[in-house]
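Read off the chains here:
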Amino acid sequence: MIKIFIDQGHNPSGFNAGAEGNGLREQDITYQVGVYLAGLLNADPRFEARLSRNSPDEVLGTNNSTSLQARVRAANSWPADYFISIHANASVNSSANGSEIYVYNTDGTPAFYMAEDILARIVANVGTKDNGVRENRSFYVLRRTAMPALLIELAYISNASDAEKLENDQYLFAYSIYQGILDYFGYSEL
């Protein structure tokens, strides 16, 4: 059984709260997409999924750094086989849009290949722009996890068209991530 830790980026309020735009809050979107994704994975006997936030008002840590540490510690101590952190992007440029996935190393790593499969499904199903799989060695959750880790930026909360998708297509985002995971493992849907 493949163990996947799903980190719903950000806390519901206060420290480490997420971006806001177009009447939406990142932490609400990431929470719900994570719940949908965990439901899909846990309904599939090939997977077991756990969430970083098990209720919409659960707060992790006491400041930004302990919030990130709590997420990584939960995944490492389980231990998970894969770590997927879900986020919504934001930009001061309201025309910035699309989906991208960050990994620690793009050089043919398991995380890179899984990210490619997930991004392809999000773009195909949800209709966001493909901004590619990108390397980022500074993100704590990518640096400190003991397993392949991905940070998914679903779409831009600061872009009106993307925000509409983030509001209305949360299940579709989760289903696309699930399909991408199946593609990565060469599995078909049950």
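Look up a bit, the structure's there.
Each chain carries its own residue numbering, running from 1 in the written order of its sequence. A pLDDT threshold of at least 70 governs which residues receive local features in this predicted model, and a stricter bar of 80 or more applies before side-chain atom pairs are shown or counted, although totals over entire chains, interfaces and linings include all residues. As a rule here, side-chain values come from all non-hydrogen atoms in the structure, and water together with hydrogens is ignored.

Participant: Any details on the layout of surface pockets? Residues and values, ideally.
Facilitator: The method is simple in principle: a probe with the dimensions of a water molecule rolls over the atoms, and the space it marks as empty is what remains. Here the largest pocket defines a volume of roughly 190 Å³. Every definition here rests on a 1 Å grid over the protein atoms only: cavities are sets of points where a 1.4 Å probe fits but cannot get out, pockets are open sets enclosed by protein on both sides within 12 Å along at least five of seven lines, and lining residues have some atom within 4 Å of a point. In terms of lining residues, the largest pocket is bounded by 13 residues, among which His10, Leu68, His87, Phe139 and Leu151 are the most central. Numbering of helices and strands runs from the N terminus, with a helix taken as a DSSP run of H or I at least four residues long and a strand as a DSSP run of E at least two residues long. Sorting the residues of the lining of the largest pocket by element identifies helix H2 (64-77), strand S5 (82-89), helix H4 (140-143) and strand S8 (149-156) as the ones contributing at least two each. In this classification, Asp, Glu, Lys and Arg are treated as charged, Ala, Val, Leu, Ile, Met, Phe, Trp, Tyr, Cys and Pro as nonpolar, and every other residue, Gly included, as polar. Residues that form the lining of the largest pocket fall into these classes: five nonpolar, five polar and three charged. Grid points are joined across faces, edges and corners, and a volume is the space filled by probe spheres set on the points.

Participant: Please set out the side chain of His87 residue by residue, giving values where relevant.
Facilitator: Following the sequence through the fold, His87 ends up in strand S5. Here's how the labels work: a residue is buried when its accessible area is under 20% of the maximum for its type, exposed when over 50%, partly exposed in between, all with a 1.4 Å probe on protein chains only. Look at His87 and you get buried, because its relative accessible area is 11%. Not counting the four nearest positions on each side in its chain, His87 is found in contact with Gly9, His10, Glu26, Thr30, Leu151, Ile152, Glu153 and Leu154. We call two residues in contact when some of their heavy atoms are within 4.5 Å.

Participant: Before we move on, could you go through H2 and cite the residues and values that matter?
Facilitator: Here a helix's expected span is defined as the number of its residues, less one, multiplied by 1.5 Å. Between the first and last C-alpha of H2 there are 20 Å, a value that for 14 residues agrees with the 20 Å anticipated at 1.5 Å per step. Every buried residue belonging to H2 is among Ser67, Ala70, Arg71, Val72 and Ala75, and all of these are buried.

Participant: Report on unusual backbone geometry, specifying residues and quantitative values.
Facilitator: A cis geometry characterises the amide bond from Trp78 onward to Pro79, with omega recorded as -5°. Tracing the backbone shows Pro79 in the loop between H2 and S5. The backbone of His10 sits at a positive phi, close to 80°, despite the residue not being glycine. Summarising the element assignment, His10 is placed in the loop between strand S1 (2-8) and strand S2 (20-21). Its identity is not glycine, yet Asn16 carries a phi of approximately 55°, on the positive side. Counting through the fold element by element, Asn16 comes out in the loop between S1 and S2.

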